[in-house]
Each structure stands twice: as C-alpha cells, then as structure tokens.
Amino acid sequence: MRMRLKQELFLQASITMLENDIPSTITIVRTISDVKNILKLWRNDNLNVGLVPTMGALHEGHFSLIKKSLSLSDRTIVTLFVNPKQFGRNEDFDKYPANELSDIKALENLSVDIIFAPSTEEMYPSGNITNISLPDIGDLLEGEFRPDFFTGVATIVCKLFMIASPDLAFFGEKDYQQLIIIEKMAQDLNIPVEIVGCPIIRSKDGLALSSRNVYLSDNERLVAPLLYKVLNEILDNVRNGEQLIKILNNAKIKLLDSGFTKIDYLKICDDKNLKELGNFSPNARILGAAWLGNTRLIDNIGVN
Ligand code: PAF
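This report concerns the structure included in the present document. (Residues numbered from 1 in each chain as written. Predicted model: local features only at pLDDT ≥ 70, side-chain atom pairs only at ≥ 80, totals over all residues. Heavy atoms only, no water.)

1. Comments concerning the overall build of the chain
Next, step 1: A count of helical and extended segments in the chain gives 11 helices and 9 strands.
Next, step 2: Relative to the globule expectation of 19 Å for 304 residues, the C-alpha radius of gyration of the chain, 20 Å, shows essentially globular dimensions.
Next, step 3: Projected onto its principal axes, the C-alpha positions of the chain cover 65 × 40 × 40 Å.
Next, step 4: Every one of the 304 residues in the chain was classed for burial, and the buried ones make up 50%.
Next, step 5: Restricting to contacts in the chain with at least 6 residues of sequence separation, those with at least 24 account for 72%. (Helix = DSSP H or I, 4+ residues; strand = E, 2+ residues; numbered from the N terminus. Rg over C-alpha atoms; globule rule 2.2 N^0.38 Å. Buried < 20%, exposed > 50% of the residue type's maximum accessible area, 1.4 Å probe, protein only. Contact = heavy atoms within 4.5 Å.)

Here you go:
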C-alpha cells in the first residue's frame, strides 16, 4: 500500500504538460533516469513489464501491439522516438509523419502506463559511438537497399531493452525482417526479454497499415493494395507447383504494369534466416518491397 502511494506520487510528479500547456492524463517520461526510477517501483511490486517501441505516427497496427502488451503485461511502456540512426541520407527523417501531440492523445484512450518520449540528445548524447549490427541477415532484403537501417534499429532497440528491461517486447510482422533481427539480437546478447511478434493489420482492401501510407497520393493509394494481392497470387501459384522464378517474374511485371514504379525485391525466403529459397518450403515467407512514385511499400505473407 505504501509502495503504491509512493509510486502514484512519483507518477503524478512526472506528468507532463503538452503543447499549449494542455495537461495530459497520461504519464510522459522524457529521461532515462525517470524510466529507471519508475521501473524500480514496479519491480518492487513484482509487476511484469511490456515494451512497445514505436516512432510515433501511430495507427491501428501500433494499437494492436499495445493491446497485446496490455493483455499480457502488468505494466506497458510505449516509446515515441523517431530514431535518426535508422534513416539513410536520402530518406524521410525530416518529414517523418510523427506528431507527438496527436500520438499522446491517441494513447490516452488506451490505458498505457507510461509513454517514454526522449529527445535525440537523451538517447544519443555526444560521444555516443556504439552500434549493434547484424551482418549477413542484416544485409539481406531491406539491408541491401537501406544499408544502415538495421544497425540503427538494432542499436536503438538494444538501448531501449537496457533502459526498460522489459519482460516482453512487441513488434509487428509488417516489418518481418526487423522482427527476426531483433529476436536474433536478443538471443545473441543474452537479453532476457521475450519478443512477441504480432500479425499485420490491414485496411479493408488489404493494404498493410504503415505510418508512411500518408505519403501516397489518392491514385497511388488505389493501386497500393495490389502488392498484398500479388503476394497472395505468388502463394497460390507456388502451391500449384509452378516454377518459382517464373512466378516471381510475372508478379513483378504485373506490379509494374499496374502503376508501381520500381520493385526493390520480391522473394520467397526461409522464414527464420531469410535466405532466398530455390524451392517451395512450408517454412517460407514471401516478402516484397516496391515503390509507388516516391513512396516505398513493404509487405509479406507466411505460406502456412
Ligand atoms: O518499427 C519501428 O517503428 C522502428 O523500427 C522501431 C522498432 C520503433 C525502432 O526505432
């Protein structure tokens, strides 16, 4: 009881005013030391902790991860941090569509315990030079087109694991390679966290939800669901025993003929090590990345 009171007083003290001095009913923590202090109190109460790392620009896909965490954890931390380290030089860091105020408002409707929204300086103070990189698996697929991406992701996620020491951490299968890489990193570095992969959330027309979908023009938005449709057609054709190379080539042609402007990759890979498969296997994942104008879409489906 005393502990609970102490905890509540601490939390009230760290409630943050939002822009224009609007008080938030949710606890927003800006510093690593505040997160650690709150965690100490939770640990004293033997509460288990779920972590949902995000870069904001929240949508139903993120909400599904948060709901999963709320259902499996005593306490849930959602992070809002647009991680500069995972953006390439010509990528969209400067225009990433995160809006902290609207993200916090959205999170107020879910009973998350704290939002950790640090500054870049808090996460990467000057002189911070350590990177975590996963050669091989990090160089495939997305890694081929976004060379620093997984180093950025693995480094920030590792830091968040060290800060929040969660029992569970939640990631969407939309970024399937990211999920596999984070599992591998946690395993290799003996980080005692259970990684929970959560299914892709899609619009009614099949388009996988992504913060970057807002970049699509009205016309591109109409074409975008074709990527998911094509992944499913690949699966049907593979099951019918057609030749893999032929199936993938036809699928690329269909995307390009229908308005996609460039295909980065369309591959059938082992679902654990992501090596490209020459023959169909029940342990496969079909993954694709393709451009519609200036917007890059990624998607994937499992085969069973
Ligand atoms: O998937 C994302 O939003 C980001 O890559 C993550 C995991 C939050 C790390 O910045």
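2. A closer look at the packing of helix α10 (residues 226–239) against helix α11 (residues 244–257)
Next, step 1: Packing of α10 against α11 leaves a shortest axis separation of 10 Å and a crossing angle of 160 degrees. When the axis of α10 is compared with that of α11, the two are roughly antiparallel. Once α10 is placed against α11, the crossing between them reads as right-handed. Contacts between α10 and α11 pair Leu226, Leu227, Lys229, Val230, Glu233, Ile234, Asn237 and Val238 from the former with Leu244, Ile247, Leu248, Ala251, Lys254 and Leu255 from the latter.
Next, step 2: Taken together, the residues that form the contact of α10 with α11 break down as 10 nonpolar, 1 polar and 3 charged. (Axes fitted to C-alpha atoms, helices over the stretch in contact; angles between N-to-C directions. Parallel < 35°, antiparallel > 145°, perpendicular 65-115°, else oblique. Left-handed = near helix turned anticlockwise from the far one by under 90°. Nonpolar A, V, L, I, M, F, W, Y, C, P; charged D, E, K, R; others polar.)

3. Quick look at unusual backbone geometry
Next, step 1: For Ser165, which is not glycine, the phi torsion reads 30 degrees and is therefore positive.
Next, step 2: Mapped onto the elements, Ser165 comes out in the loop between α7 (149–164) and β5 (168–172).
Next, step 3: The class for Ser165 is partly exposed, based on a relative accessible area of 38%.
Next, step 4: Positive phi outside glycine occurs at Leu274, with the angle close to 65 degrees.
Next, step 5: Here Leu274 shows up in the loop between β7 (262–270) and β8 (284–292).

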